[in-house]
Amino acid sequence: AQKVTQAQTEISVVEKEDVTLDCVYETRDTTYYLFWYKQPPSGELVFLIRRNSFDEQNEISGRYSWNFQKSTSSFNFTITASQVVDSAVYFCALKGGSEKLVFGKGTKLTVNP
Amino acid sequence: NAGVTQTPKFQVLKTGQSMTLQCAQDMNHEYMSWYRQDPGMGLRLIHYSVGAGITDQGEVPNGYNVSRSTTEDFPLRLLSAAPSQTSVYFCASSRPGLGQPQHFGDGTRLSIL
């Protein structure tokens, strides 16, 4: 069975703070992909990044960075110098062995001015 | 650039009524799926399809029917609506393959009274 755990239900920070969203996954597959999606208050789901199980290189895109560690089954997402527009629900998701995408329950991030 | 189109955006039903949520995509994606999003539960897979004529159950299929007669369309039918089916429903599509991100529609907010 595959499972994604986002232990942080809600996080509140002040603008310009750095914030890390945690994601821990479980799978028996050796080949799998991890994804992060953003759901802003308007409700749509926006794809942010994917990482395959063989690529542990960290990735940085502007203020966003992702840290994938197979040893701890984690795929954490860090926002540097957060902004109000980063306020959203963030979902981590896992796809392995089938076309089924399994989502975590999401972390609601509120960035206050 | 229509992408994934869901109709209607909002719907109120009475218990016992039936209805069909429409989903259409114009990206020639083989894989399509339906999710429901409930507070604190993340997104849960209802049904999915890997191509025209092929459908399968996800995590929470009870009370829902699907069919896939064309590549473009993947309607979700509620046979006899129940208050427990009050939710936000998302349709998604993607190319086949573990690493392919799913593209989501804007969602249908459904209330069952």
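Structure: see above.
Thresholds, definitions, all that
Residues numbered from 1 in each chain as written. Chains lettered and ligands numbered in written order. Predicted model: local features only at pLDDT ≥ 70, side-chain atom pairs only at ≥ 80, totals over all residues. Heavy atoms only, no water. Helix = DSSP H or I, 4+ residues; strand = E, 2+ residues; numbered from the N terminus. Buried < 20%, exposed > 50% of the residue type's maximum accessible area, 1.4 Å probe, protein only. Contact = heavy atoms within 4.5 Å. Buried area = accessible area lost by both parts, 1.4 Å probe. Salt bridge = Lys/Arg side-chain N within 4 Å of Asp/Glu carboxyl O. Polar contact = N/O pair within 3.5 Å; in protein donor to acceptor, adjacent residues only side chain to side chain. Core = buried A, V, L, I, M, F, W, Y, C linked by side-chain atoms within 4.5 Å. Pairing = 2+ DSSP bridges. Axes fitted to C-alpha atoms, helices over the stretch in contact; angles between N-to-C directions.

J.: Which residues make up the overall build of chain B, and what are the values?
T.: Within chain B, the secondary structure is distributed over zero helices and eleven strands. Across its three principal directions, the C-alpha atoms of chain B cover 40 × 30 × 25 Å. Relative to its full complement of 113 residues, chain B shows a buried share of 49%. In chain B, the proportion of contacts linking residues at least 24 apart, taken out of those at least 6 apart, comes to 52%.

J.: So what about the interface of chain A and chain B? Which residues, and what values?
T.: On the chain B side, the residues contacting the 22 residues of chain A number 22 residues. Both faces combined, the contact of chain A with chain B buries some 1,800 Å², and carbon together with sulfur accounts for 60% of it. Of all residues in chain A, L45, E99 and K100 of chain A give up the largest surface area on contact with chain B, accounting jointly for 33% of the area buried on that side. Linking chain A with chain B are zero salt bridges. Here chain A and chain B share six residue pairs in polar contact (both at pLDDT 80 or more) between them.

J.: Just give me the short version of the nonpolar core, but keep the residues and values in it.
T.: All names here are of chain A. Core analysis: the biggest nonpolar cluster contains 23 residues, and W36, F77, Y90 and L109 have the highest contact counts within it. Of all the secondary-structure elements, those providing two or more residues to this core are β2 (10-14), β3 (19-21), β5 (32-39), β8 (64-69), β9 (74-79), β10 (88-96) and β12 (107-112). Examining the composition of this core, we find that four residues originate from one element, β10, more than from any other. Not counting residues within four places of it along the chain, the set of residues in contact with L109 comprises I11, V13, V19, I79, D86, S87, A88 and Y90.

J.: How would you explain the sheet that holds strand β8 (residues 76-78) of chain B if you had to name every residue and give the values?
T.: All names here are of chain B. In spatial order, the strands read β1-β3-β8-β7; together these four strands make up an open sheet with antiparallel pairing. Where the open sheet ends on each side, the last strands, each with one partner, are β1 (4-7) and β7 (64-66). Taking the axes of each pair of neighbouring strands and ignoring which way they run, one obtains an average angle of 20° across the sheet. The sheet contact formed by β1 and strand β3 (residues 19-25) spans four bridges and is antiparallel. Paired with T7 across the bridge in β3 is Q22.

Shape descriptors only; they carry no functional weight alone.
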